[in-house]
Amino acid sequence: MRLLVDAGNSRLKWRVEQVGQVIEEGVGVLDSSDPLQGMSAPVGAVSRVSISTVASEDKRQALLGHLKSRFNAPVTFYWAEARRQGLVNAYNDFSRMGADRWHAMYGAWQLSRCGFVVVDAGSAVTVDYVDPSGRHLGGFILPGLHMMLRSLKTDAARIRFDPAQVLDTRPGASTGECVNHGLAWLFGAMVRQIDSDAKACGLKDVLVTGGDAERLIGLGLAGVHHPSLVLDGLGAIDAEDHGA
Ligand SMILES: Nc1ncnc2c1ncn2[C@@H]1O[C@H](COP(=O)(O)OP(=O)(O)O)[C@@H](O)[C@H]1O
Ligand SMILES: CC(C)(COP(=O)(O)O)[C@@H](O)C(=O)NCCC(=O)O
Ligand SMILES: [K+]
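Residues numbered from 1 in each chain as written. Chains lettered and ligands numbered in written order. Predicted model: local features only at pLDDT ≥ 70, side-chain atom pairs only at ≥ 80, totals over all residues. Heavy atoms only, no water.

Participant: For this particular structure, what's the right way to read the sheet that holds strand β4 (residues 48-53)?
Facilitator: Consider a sheet: its strands pair through backbone hydrogen bonds, and that pairing is either parallel or antiparallel. Taken in spatial order, the five strands make up an open sheet running β3-β2-β1-β4-β5, and their pairing is mixed. Two strands bound the open sheet, and with one partner strand each, they are β3 (21-28) and β5 (75-78). Ignoring which end each strand starts from, the neighbouring axes of this sheet average 20° apart. As paired strands, strand β1 (residues 2-7) and strand β2 (residues 12-18) are joined by six bridges and run antiparallel to one another. In the strand pairing of β2, leucine 4 is matched with arginine 15. Strands β1, β2, β4 and β5 of the sheet are contacted by helix α1 (residues 57-70), whose axis makes an angle of about 150° with β5. Each of β4 and β5 touches helix α2 (residues 99-111); the most contacted strand, β4, lies at about 110° to it. (Pairing = 2+ DSSP bridges. Helix = DSSP H or I, 4+ residues; strand = E, 2+ residues; numbered from the N terminus. Axes fitted to C-alpha atoms, helices over the stretch in contact; angles between N-to-C directions. Contact = heavy atoms within 4.5 Å.)

Participant: When you look at the site of ligand 2 in this model, what are you seeing that I'm missing?
Facilitator: As a structural note, the neighbourhood of ligand 2 is formed by 13 residues, with Tyr91, Gly98, Asp100, Arg101 and Ala124 the closest of them. In the model, an oxygen atom of ligand 2 is placed 2.7 Å from a nitrogen or oxygen of the aspartate 100 side chain. In isolation ligand 2 exposes 460 Å². Once the protein is present, 79% of that is buried. Mapped by element, the contributors of at least two residues to the shell around ligand 2 are α2 and β9 (124-130). By residue class, the composition of the shell around ligand 2 is five nonpolar, five polar and three charged. Here the shell around ligand 2 spans two domains, and each of domain 1 (2-78) and domain 2 (114-227) adds at least three residues to it. (Near = heavy atom within 4 Å. Polar contact = N/O pair within 3.5 Å; in protein donor to acceptor, adjacent residues only side chain to side chain. Areas by Shrake-Rupley, 256 points an atom, 1.4 Å probe, with all protein chains shown as cover. Nonpolar A, V, L, I, M, F, W, Y, C, P; charged D, E, K, R; others polar. Domains from an automatic or database assignment.)

Encoded structure:
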């Protein structure tokens, strides 16, 4: 069995697989005593652990320590690459790209050959464009929904509100409405921009992942939800590197 891990800035997603079949999966918190919360697969049955992470070096080391003490199996971190199987990174310095972005793009590359957009609505929102030949055209990094709400709460003295996941984009008539409608309005505008870029670049598919994926689809993003695109891409790369 192999254990795949996507350790983001907010949450850690994990999946145990045997010959391509998902045995179990879950979500944990990276800097908790049990980041693989809920995992019941026998420890001895895990033959390797493969990880995609964008967490800090301290958190990465702590995760590595946890995995080494729990499993008697090799642990490999996978990072962004210049190219793989026809997918070509736009970054000059590919090592600076978040591993999650590369793995999500590679997951998408397994599914779509007609040009695609990957939207990962996690702690930060990332948008990446890939043309039908596999050339990454570049992307965008924006603060995520939760991050924006937190910055309004902590960096402005008189903005007090309860966050609400509304889809309402009408002008607000209270602080709460102005903030909550404001975020829906901003993300609605982003969704239209993605749609217009995709049309202009001739990209047919939009694949959406991350904790706020459904919210973006609710705001009109015409994409297909792939909840574990990062793990899918990581799994494909891990299989290739193990000759599977
Ligand atoms: N149960 C949850 N716990 C934390 N965040 C959640 C939850 N459900 C939805 N979210 C949203 O998902 C975002 C995090 O998405 P995720 O893909 O897990 O991020 P990351 O990959 O950065 O760890 C948060 O910013 C939040 O808005
Ligand atoms: C942009 C990100 C913070 C997104 O990670 P997330 O918020 O989903 O945990 C991550 O991909 C990252 O740290 N990237 C490094 C910078 C770059 O991709 O250029
Ligand atoms: K992510």
